[in-house]
Amino acid sequence: MTEARVGLGIDFHRFAAGRPLVLGGVTVPHSKGLLGHSDADALIHALCDSLLGAAGESDIGVHFPDSDSETLGISSLTLLAAVMERIHRSGWHVVNVDCVVVAEEPKLAPHVAAMRETLGPVLGVGADRIGLKATTSEGMGALGRREGIGALAVSLIERASGCPDR
Ligand code: MG
């Protein structure tokens, strides 16, 4: 018998000049990047929170506070790997994830395949288990005014029944 749980994550970061735009672990050519303590990869942050939420382990703000100088400028792929290590210790593995990035710019469709291939080995699943879509907010609100990028993620995790929580 197996036990399955689902988790949801959402994240937003503002655009800032002079920074690379990193989403899903991939550097996307653009005139500006996202502002944040880490590389500000909103997609991976949403994914981390969905995984932690599914495992009942609070959120990345608790595990990786932005007051920690050790994580300044860190690749969010490293944070995701740490989240995976954490949930593996409780016996969980990923069944599938599904994500949406909300951005008026740049066009992300050309980079989706690279993002899925980058995330797969860290999540421990094939690219066929990583849903990844990009949409716009039709010009509405802060995202519509191109002030930043938002991302949502849902994760399904599974483990053998009877595994104790840490
Ligand atoms: Mg974030």
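Residues numbered from 1 in each chain as written. Predicted model: local features only at pLDDT ≥ 70, side-chain atom pairs only at ≥ 80, totals over all residues. Heavy atoms only, no water.

Peer 1: Looking at this model, I keep getting lost on the overall build of the protein chain. Mind explaining?
Peer 2: A count of helical and extended segments in the protein chain gives five helices and seven strands. Going from N to C terminus, the protein chain has its helices and strands arranged as β-β-β-β-α-α-α-β-α-β-α-β. Rg of the C-alpha trace for the protein chain: 16 Å, near the compact-globule value of 15 Å for 166 residues, within the 12% margin. The dimensions of the protein chain, computed from C-alpha atoms along their principal axes, are 50 × 35 × 25 Å. Per-residue burial for the protein chain yields a buried fraction of 45% across its 166 residues. At a minimum sequence separation of 6, the contacts of the protein chain that also span at least 24 residues come to 76%. A total accessible area of about 7,900 Å² is found for the protein chain, and carbon and sulfur atoms account for 56% of it. Between the mean site of the 14 positive side-chain charges and the mean site of the 20 negative ones, the protein chain shows a separation of 3 Å. (Helix = DSSP H or I, 4+ residues; strand = E, 2+ residues; numbered from the N terminus. Rg over C-alpha atoms; globule rule 2.2 N^0.38 Å. Buried < 20%, exposed > 50% of the residue type's maximum accessible area, 1.4 Å probe, protein only. Contact = heavy atoms within 4.5 Å. Areas by Shrake-Rupley, 256 points an atom, 1.4 Å probe, with all protein chains shown as cover. Lys, Arg positive; Asp, Glu negative; His and termini not counted. Charge placed at Lys NZ, Arg CZ, Asp CG, Glu CD.)

Peer 1: Can you help me understand unusual backbone geometry in this one?
Peer 2: The phi torsion of most residues other than glycine is negative, and most of the peptide bonds are trans. Looking along the chain, the bond that leaves Glu 105 and enters Pro 106 is cis, with omega of -10°. Tracing the backbone shows Pro 106 in the loop between β5 (93–102) and α4 (112–123). Non-glycine residue Ser 58 carries a positive phi angle of around 55°. Structurally, the position occupied by Ser 58 is in the loop between α1 (42–54) and α2 (60–63). Assessed through its relative accessible area of 41%, Ser 58 is described here as partly exposed. Even without being a glycine, Glu 138 presents a positive backbone phi close to 55°. Note that Glu 138 resides in the loop between β6 (130–135) and α5 (141–144). Classification of Glu 138 by relative accessible area gives exposed; the value is 66%.

Peer 1: In this structure, what is going on with the coordination of the magnesium ion? I would like to understand it.
Peer 2: Geometrically, a metal with four donors at the corners of a regular tetrahedron has ideal angles of 109.5 degrees, and one with six donors at the corners of a regular octahedron has ideal angles of 90 or 180 degrees. All of the protein donors around the magnesium ion are Asp 11 (OD), His 13 (NE2) and His 45 (ND1); their distances to the metal are 2.1 to 2.2 Å. All donors of the magnesium ion come from a single chain, and their spacing in sequence reads D-x1-H-x31-H. Residues Asp 11 and His 13 agree in their burial class; the two are buried. (Donors = N, O, S within 2.8 Å, 3.2 Å for Na, K, Ca; no water.)

Peer 1: When you look at a nonpolar patch on the surface in this model, what are you seeing that I'm missing?
Peer 2: Where nonpolar side chains cluster on the molecular surface, the patch consists of Val 6, Leu 8 and Val 154 and spans about 280 Å² of accessible area. Checked against the element boundaries, Val 154 lands in strand β7 (residues 148–160). (Patch = residues over 30% accessible without salt bridge, like charges linked within 9 Å, V, L, I, M, F, W, Y side chains within 5 Å. Salt bridge = Lys/Arg side-chain N within 4 Å of Asp/Glu carboxyl O.)

Peer 1: What am I meant to see in the nonpolar core here?
Peer 2: By size, the foremost hydrophobic cluster in this structure holds 40 residues, and its most contacted members are Leu 23, Leu 51 and Leu 123. Breaking this core down by element, the ones donating at least two residues are β2 (21–23), β3 (26–28), α1, α3 (76–89), β5, α4, β6 and β7. Ranked by residue count, the leading element in this core is α1, at nine residues. The contact partners of Leu 123, leaving out residues within four places of it in the chain, are Leu 47, Leu 51, Leu 80, Met 84, Val 94, Val 97 and Ile 130. (Core = buried A, V, L, I, M, F, W, Y, C linked by side-chain atoms within 4.5 Å.)

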